[in-house]
Structure formats: structure tokens, C-alpha cells
Amino acid sequence: MNKQKQKKFMMMYEPVHNSFERFCRAKAIGRMDFRDLMNDTLLIAYQKFESLQSEKAFLSFLFGICIRLISNKNRKKREVFNLDSEVINNIPDDTRPASTTEVQLLYRAIAKLPTEQQESILLFEISGFSIKEIAAIHQVSESAVKKRLQRGREKLAQLLLETPINSK
Amino acid sequence: MMTNYNKELDRLFELARQEEPKASFIEIRNRFHQTLASGFSGTVSHWLTIHKGWIFSLTSFSLLFILSIIIIINYDYTSERTISEDTPPSLKNVPIKASTLPINHNQDTFSPKTYLSSSSSSIEFPPTPTNTMTIDVSRDTSLHTLENNSIILLSSEHLSDKAPASTTLNQAYIKKLKPQISNLENTPVRFTINERTPTNQLSNISGLARRAGIEYTYVVGLKHKTIQEFNVHMSIPGTTHSCNIQVCVPKKERFEINFGWLANSAGKAISFLEDINIQKAEPKNTLIPTRAETICHQYQANGISLIESNFNSYTKGIDPKASKDALLNTAGYILLKQDSVSQAIELFKLNTRLFSKKANCWDSLGEAYYRNGDYKQAKASFWKALSIDPKLSASKNWLQKIENK
């Protein structure tokens, strides 16, 4: 019985793995190893699998759990960077040639955004969710999501780009 | 109309979307199954049903860790432990034999142990409670004949995996050492006077000179408590040794005089120092290169802890507008230029401890790690620099260089 459940769970997970991985990688920066975050999220999702109402909502189901996990961690931990003890979880794994410095800088800048803007940017720009879907995940209005996206982009521009931005 | 920054952000987002995942589906699936197979799921589901409000904190990484510890405590690892028979002996609590060696010895036939046993110029050092050894070559007069790149050998009986079989003295160290060796019996007494030296300090020097048997007279011209004229005459009675110093600087100009004498073991002056120099003081920020050289010499002679404890004294006189982190940064690059990479790393590490929020310090450390072939640590340093200043193009370029390797 458990094996069947695991099989079904993984079959549902496989198509959304890439999107979920990117999201966790971005959310985990400065907090923890993103693989741990993915594993923790999957474990909880597996336990609550029966409560999933629609297979189509599986990815947003995972995102919701992940967001709450990070939110709870933020209350307890602060970022530690210690070269001497070789805590290198925050270092991007650059073993693959496709991984560029620019993308990693982008993720680090996203990590500096306020939580709502950060998640909206990740879900919309990286994971390809619509504004309507993001509004449902965060339980806010679509106009609120649009504002978060706009402000998030302006802030990213200030963090990453050389020229200052004149916002409206 | 889209602004330029929107186009650039869109480009970056597109790059991110196209990026291959770092963790494959198979990797995550296997890890997930392993976690379930360890019996974790049963425990967690019990907690989940009873403590709904604590669901997410209890299933966090910390709980996984705690459960792992419980499992480990109950497992007997003794039978699996192995102790290496090849652990090399340490330097602790054993006498060390050292000697110099010209660099052009025959490396094929040379035996350090035989040489040290027979060498008349080898010296023994008593046991120390630590695993490191500082060789003071000034102890033995036979070591006065140090040539450039002389090598200090340690006895092969006492080598550890950390101690080198031989170490090469660099030229800067030898140059510094030779004047000390020649003046082993006499103590230099030095003073530095600049335009802000207080008058009571001038009186103290006068008193010290007289106690050293020097006929000492001086004249000072002050304006607004700043020395603008300083004349001193010194002579040692019964000898031909004498010294005259005259400084007269225009208003608001700066100067520095270094002078003194050699004293014998009784404290009496026997001659005046030959390196007396008078100079118009450089603008404060140009003190950095010369101070950095001083730091390099003192670090190589006495170790990093002295540099750390005396750091404030090194920064005295430096223009307040200049960044203090530039001092160790410059010193580190001097050592890099000398190919003393591991020493440069230590200095850069100290700089990051003192100025942890300066991106440039981390960038320099990364560069030193890169030179040392330690790309992991280099990447960590560059990323730290970028976390402080995301626009630091030097660190971005270094990271790209590592990626291209």
C-alpha cells in the first residue's frame, strides 16, 4: 500500500521537479541546503498527500508547504557564513557548465527581496505561474500580486544593474 | 515602452528558466525513498496527527537530525574503526636539529639525516610542547654565512606531515637578519621625531642620551605646539663619533627624523646609527606601501598573531580618509608577488576578520585561494564579496574564470 502511494506520489512529482527545484534553490539561498528543503517539503507533502484535491494543483501544493517551511525557519535561524568552518551550503554548485554567474547573482538578489515580492517573482518569472495562480497560492488579490511583481523588479534592478532606476 | 532595466531583467529570468537543475529528479527521489525507508515516516505521521499546530517545525531538518543521532547512539561502531599505522611522528616534545645548506648541494645523493649528524654547523633546539617550530638562525654564529636561498633542514626523525623537511629563507628575511647578526652584542636605541612630537618626549631623549654617556644638546622651534625647527648635536667623549641633525620646515609642512645610537651591554653608547635619515613626511596615505612592507617582514619573522595584536599601531599616522583595510591588503599582495601564497592567505584572512563587511577584502582572499589552487574556498570568498557588493565586477570575473576551468 505504501509502495503504491510512493509510486503515485513520485509519478506526480516527476513532471514538476525542474520547476520545484529552481524554486527551492532560490528560496534556500542563505538559509539552508536546497536539497534539504526539497526533501523536507516532499516528506510533508507525502504525509498530506490524501488532502490534495487536484493533481493539477500539485506544484502549488508543494510551493505552499515550502513557503511555510521557510517562514518557520526564518523565525529561528539567521544567516551564518563562516569560511573557516567550511559551511559552503550557500555556494552554488557550479559543476555544470550551464550554471552561470549571472543566474546565481540573480538568485542572490531575489533572496534579498521582501518575502512577498521574492515569492511572487520566483513563481511568476522562474516557475511560470500565472498571476491568478499566484494570487490563489498567497491568498491575495491579483492586483496585489501585480504590485509585488513590479516592486520586486524595480528592487532587483537596483541591486543588480549599474544604473539607478527612476520608478514612477 | 519597456525600459532598459526591464529588458535586462527579462534576459536574466530567461537564463534562469533555461538553466539545468542542480539536483536531478533521480537524486531527489532516491533521497526521499531513503528517508522513508529509515522508518522516519511512521514516527512523523504519529506526531503529525497529534500535534497539528507543530507540523512544519517538527518535520524540519532539526528533527531529522535528532532522530539520526538516536539511531547512531544505539549502533556499535567499535568493530569498524581502524587506526592507521602510518601516522607520522610529530614535533611535540622531541629535540629538533637544524642546519643551513647551500642550495647547490647534490640532491640525488644528499641524506638529510647523515648531513645533520655530521654537520659541524647544525644546532639543536630543545623540545617544545607544540607541533610547530620557529628556527632562530641568529643563535649560532656559524649561521652568519647565510647565502641567498639557504635552506634550513629539520632532522628527518622528527618530521610530521605538517613540518617541512626543509624551508627556504627568502632574501628579504636574510637581509633583515644579517644586520641583527652583526650587532648581536649591541643594542640599537632608536627615536623618531616628527612635527607633533611633544616637548617632554624631547626632554626624555635628552635624558636617555646623557645616561648613555652622550654629550647631547638640542634646540627646538615651536609654533602652535608644532615643531618647525629641530637641531641636535651628539658626540661620544673620547671618540671621534659625532652626529649633527638640523631640520627646518616651512609652516604646516611635515617631517620625520629617525636617529639613535648603538649601546653596549652596560647601556653606554659606542657609536651612532648609520641609517639616520631625515625626510619630509609623505602624505599619510602613501605610508601604506611602506607600512605594508614592514608588516610583511614582521609577519615572516614573528608570525600572524603579532600582526593582529599590533594592528592599531600599524595604522597610526595613516590618513583617516584612507581605508585601513588597504594596509593588510597591500601587504598580502606583496607576499603574493613573492610567491608566498600561503602567507598571503593568512594575511588576507586576518583582513577579512578585521573588516568583514569590506567586499574587497573577500575578493583579495579569493584571489589568493585561486593562486593556491583551492577553488572551493576561492569561490566561497568571491561569493561572499558579491553578497556584500553584487556589482563587484572583479569577483564576477574570477568566478567566471573558475567556471571556465
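The rules we used
- Residues numbered from 1 in each chain as written.
- Chains lettered and ligands numbered in written order.
- Predicted model: local features only at pLDDT ≥ 70, side-chain atom pairs only at ≥ 80, totals over all residues.
- Heavy atoms only, no water.
- Axes fitted to C-alpha atoms, helices over the stretch in contact; angles between N-to-C directions.
- Helix = DSSP H or I, 4+ residues; strand = E, 2+ residues; numbered from the N terminus.
- Parallel < 35°, antiparallel > 145°, perpendicular 65-115°, else oblique.
- Left-handed = near helix turned anticlockwise from the far one by under 90°.
- Contact = heavy atoms within 4.5 Å.
- Nonpolar A, V, L, I, M, F, W, Y, C, P; charged D, E, K, R; others polar.
- Buried < 20%, exposed > 50% of the residue type's maximum accessible area, 1.4 Å probe, protein only.
- Pairing = 2+ DSSP bridges.
- pLDDT = per-residue confidence, 0-100.
- Salt bridge = Lys/Arg side-chain N within 4 Å of Asp/Glu carboxyl O.
- Polar contact = N/O pair within 3.5 Å; in protein donor to acceptor, adjacent residues only side chain to side chain.
- Phe/Tyr/Trp six-rings, centres within 6.5 Å; stacked < 30°, edge-to-face > 60°.

1. Focus on the packing of helix α13 (residues 359-371) of chain B against helix α15 (residues 393-403) of chain B
In a packed pair of helices, the relevant descriptors are the angle between the two axes and the axis-to-axis distance.
Residues and elements named next belong to chain B.
Here is step 1: One can describe the packing of α13 onto α15 by two numbers: an axis separation of 10 Å at closest approach and a directional angle of 25°. With respect to α15, the element α13 is oriented roughly parallel. The chirality of how α13 crosses α15 is left-handed. Residue-level inspection shows Asp363, Glu367 and Tyr370 of α13 in contact with α15, the latter providing Ala394, Ser395, Trp398, Lys401 and Ile402.
Here is step 2: Classifying every residue of the contact of α13 with α15 by side-chain character gives four nonpolar, one polar and three charged.

2. Some thoughts on the pairing of strand β7 (residues 226-235) of chain B
Residues and elements named next belong to chain B.
Here is step 1: Summarising burial for β7: seven of the 10 residues are buried, a large majority.
Here is step 2: By the bridge criterion, nine bridges tie strand β6 (residues 215-223) to β7 in an arrangement that is antiparallel. Each residue of the ladder has a partner; that of glutamate 215, found in β7, is serine 235.
Here is step 3: Linking two consecutive strands that pair antiparallel, namely β6 and β7, is a turn of two residues; a positive phi of about 50° is found at histidine 224 within it.
Here is step 4: Sheet topology note: the β7/strand β8 (residues 242-248) ladder contains seven bridges and is antiparallel. The residue of β8 that forms the bridge with valine 232 is isoleucine 245.
Here is step 5: Linking β7 to β8, which pair antiparallel, is a turn of six residues; within it glycine 238 sits at a positive phi near 80°.

3. Quick notes on the sheet that holds β7(B)
Residue and element names in this part refer to chain B.
Here is step 1: Strand order in the open sheet formed by three strands is β6-β7-β8, and the pairing between neighbours is antiparallel. If you trace the sheet from one side to the other, it starts and ends with β6 and β8, each paired once. Taken pair by pair, the neighbouring strands of this sheet meet at an average axis angle of 10°, ignoring direction.
Here is step 2: Together, β6 and β7 form the strand contacts of helix α7 (residues 199-211), whose direction differs from that of β6 by roughly 175°.

4. Side note on the confidence of the model for chain B
All names here are of chain B.
Here is step 1: Mean pLDDT for chain B: 70, with 56% of residues reaching 70 or above.
Here is step 2: Within the model, the stretch residues 39-89 combines pLDDT values under 50 with 42 contacts to residues more than four positions away or in other chains.
Here is step 3: Note that pLDDT drops below 50 for residues 178-184; the model gives that stretch eight contacts with residues more than four away or on any other chain.
Here is step 4: Predicted complex, confidence summary: ipTM 0.76, pTM 0.39.

5. A word on the pattern of salt bridges
Here is step 1: Inspection of every chain in the model, using the stated rule, returns 12 salt bridges over all chains.
Here is step 2: Close ionic contact of Asp10(B) with Arg153(A) constitutes a salt bridge, the shortest N to O distance being 2.8 Å. Here the residue Asp10(B) occupies a position in helix α1 (residues 4-18), and Arg153(A) occupies one in helix α8 (residues 142-160), the pair thus bridging two chains.
Here is step 3: Three or more residues joined by partner-sharing salt bridges are found here, namely Glu125(A), Arg153(A) and Asp10(B).

6. Some points on the pairing of strand β9 (residues 255-263) of chain B
Residue and element names in this part refer to chain B.
Here is step 1: Across the nine residues that make up β9, a large majority, seven, are buried.
Here is step 2: In this sheet, β9 lies alongside strand β5 (residues 187-194) in antiparallel orientation, the contact comprising eight bridges. Counted as the bridge partner of isoleucine 193 is isoleucine 257 from β9.
Here is step 3: Here β9 runs beside strand β10 (residues 269-272); their pairing, made up of three bridges, is antiparallel. Bridging from a neighbouring strand, leucine 262 pairs with serine 271 of β10.

7. A few points about the packing of helix α12 (residues 341-354) of chain B against α13(B)
Residues and elements named next belong to chain B.
Here is step 1: At their nearest, the axes of α12 and α13 sit 9 Å apart, and the two run at 160° to each other. Of the possible angle classes, the one that applies to α12 and α13 is roughly antiparallel. In this structure, the crossing between α12 and α13 has a hand that is left-handed. Across from Val341, Ile345, Phe348, Lys349, Asn351 and Thr352 in α12, the residues of α13 making contact are Cys361, Trp362, Ser364, Leu365, Ala368, Tyr369 and Arg371.
Here is step 2: Of the residues assigned to the contact of α12 with α13, the class counts are eight nonpolar, three polar and two charged.

8. Notes on the side chain of Thr35(B)
Here is step 1: Looking at where Thr35(B) falls in the secondary structure, it is placed in helix α2 (residues 25-50).
Here is step 2: Residue classification places Thr35(B) among the buried positions, given a relative accessible area of 12%.
Here is step 3: Looking at Thr35(B), its side chain comes within polar contact range of the side chain of Asn39(A), at 3.1 Å.
Here is step 4: In terms of polar contacts, Thr35(B) uses its side chain to reach the backbone carbonyl oxygen of Arg31(B), at 2.8 Å.

9. A closer look at the packing of aromatic side chains
What describes a pair of aromatic rings is the distance from one ring centre to the other and the angle between the planes of the rings.
Residue and element names in this part refer to chain A.
Here is step 1: Throughout the structure, instances matching the rule amount to 21 aromatic pairs over all chains.
Here is step 2: With a centroid separation of 5.9 Å and an interplanar angle of 85°, the aromatic rings of tyrosine 13 and phenylalanine 20 are classed as edge-to-face.
Here is step 3: A relative accessible area of 0% means that phenylalanine 20 is categorised as buried.
Here is step 4: With a centroid separation of 6.2 Å and an interplanar angle of 40°, the aromatic rings of phenylalanine 58 and phenylalanine 61 are classed as tilted. Of this pair, phenylalanine 58 and phenylalanine 61 both sit in helix α4 (residues 58-74), separated by three residues, roughly a single helical turn.

10. Brief notes about the environment of Lys391(B)
Here is step 1: You can see Lys391(B) is positioned in the loop between α14 (375-388) and α15.
Here is step 2: In this structure the side chain of Lys391(B) is engaged in a polar contact, spanning 3.5 Å, whose partner is the backbone oxygen of Gln158(A).

11. A word on the environment of Asn360(B)
Residue and element names in this part refer to chain B.
Here is step 1: Position of asparagine 360 among the secondary structure elements: in helix α13.
Here is step 2: Here asparagine 360 falls in the partly exposed class, since its relative accessible area comes to 37%.
Here is step 3: For asparagine 360 and phenylalanine 382, which are 22 residues apart along the polypeptide, the C-alpha to C-alpha distance reads 9.3 Å.

12. Quick word on the environment of Ser235(B)
Residue and element names in this part refer to chain B.
Here is step 1: Note on placement: serine 235 falls in strand β7.
Here is step 2: Of the residues examined, serine 235 reaches a relative accessible area of 13% and is grouped as buried.
Here is step 3: Placed 18 residues apart in sequence, serine 235 and threonine 217 show a C-alpha to C-alpha distance of 9.5 Å.
Here is step 4: Not counting residues within four places of it along the chain, the set of residues in contact with serine 235 comprises Gly213, Ile214, Glu215, His241, Ser242 and Phe272.

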